[in-house]
Amino acid sequence: MSNANLQQLHVLCLQMYKEGKTPSVGILRAKAPFKVSVTEAIEAIKRFNAHKPKLEVSNEENVAQQNPVATTDEPGNLQARVETLEKEVAELKRALHQIINAQ
C-alpha cells in the first residue's frame, strides 16, 4: 500500500474518531475515495490504534459529562435533587417488582 493511501486512510480514521465513531474496516472502505482492500483497511486501523490521539475535551465539558446534574450546594436545590432521586428509585423498585413477579 502506498504511503499516500495510508495517510488518507489514517485521516479518515481520525475523522471518524473525532465524530465519536470507532473506525472499522467496512466504514473505512466505504468512505475512502479510492478502492481499499480489507488488508489495507486493517493495516490502517492497526496503525491508527497504535497512535490513537486523545480527544481534547475542555475541563467544563468533562465535569458536565461526569455529573450532568447541577452541582450548586444550595439547600433548596439539594432538596429538589433528593426528591427527584427518591421518585426515580421508587419507580425503579416498582418496575423491578413487576419483573420479578412476572417470572
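These figures come from a predicted structure and were not determined experimentally.

Trainee: So what exactly am I meant to see when it comes to the packing of helix H1 (residues 3-18) against helix H3 (residues 38-50) here?
Mentor: The packing of two helices is summarised by the inter-axis angle and the distance between the axes. As a packed pair, H1 and H3 sit with axes 9 Å apart at the nearest point and diverge in direction by 60 degrees. By the criterion of interaxial angle, the relationship of H1 to H3 is oblique. Here the hand of the crossing between H1 and H3 comes out right-handed. Residues Leu6, Leu9, His10, Cys13, Leu14 and Tyr17 of H1 lie in contact with H3, whose contacting residues are Glu40, Ala44, Ile45, Arg47 and Phe48. When the residues that make up the contact of H1 with H3 are grouped by side-chain class, the tally is eight nonpolar, one polar and two charged.

Trainee: Teacher, can you tell me more about the pattern of salt bridges here?
Mentor: Side-chain pairs of opposite charge can arise whenever the charged atoms involved come near each other. Taken as a whole and judged by the stated rule, the model has two salt bridges. Among the ionic pairs, Lys21 bridges to Glu19, the shortest N-O distance being 3.4 Å. By relative accessible area, which is 39% here, Lys21 ends up partly exposed. One salt bridge connects Glu43 with Arg47, and the closest N-O pair in it is separated by 2.7 Å. Here Glu43 and its partner Arg47 are both found in helix H3, four residues apart, which amounts to about one turn of the helix. Owing to a relative accessible area of 42%, Arg47 belongs among the partly exposed residues under this scheme.

Calculation notes
Residues numbered from 1 in each chain as written. Predicted model: local features only at pLDDT ≥ 70, side-chain atom pairs only at ≥ 80, totals over all residues. Heavy atoms only, no water. Axes fitted to C-alpha atoms, helices over the stretch in contact; angles between N-to-C directions. Helix = DSSP H or I, 4+ residues; strand = E, 2+ residues; numbered from the N terminus. Parallel < 35°, antiparallel > 145°, perpendicular 65-115°, else oblique. Left-handed = near helix turned anticlockwise from the far one by under 90°. Contact = heavy atoms within 4.5 Å. Nonpolar A, V, L, I, M, F, W, Y, C, P; charged D, E, K, R; others polar. Salt bridge = Lys/Arg side-chain N within 4 Å of Asp/Glu carboxyl O. Buried < 20%, exposed > 50% of the residue type's maximum accessible area, 1.4 Å probe, protein only.

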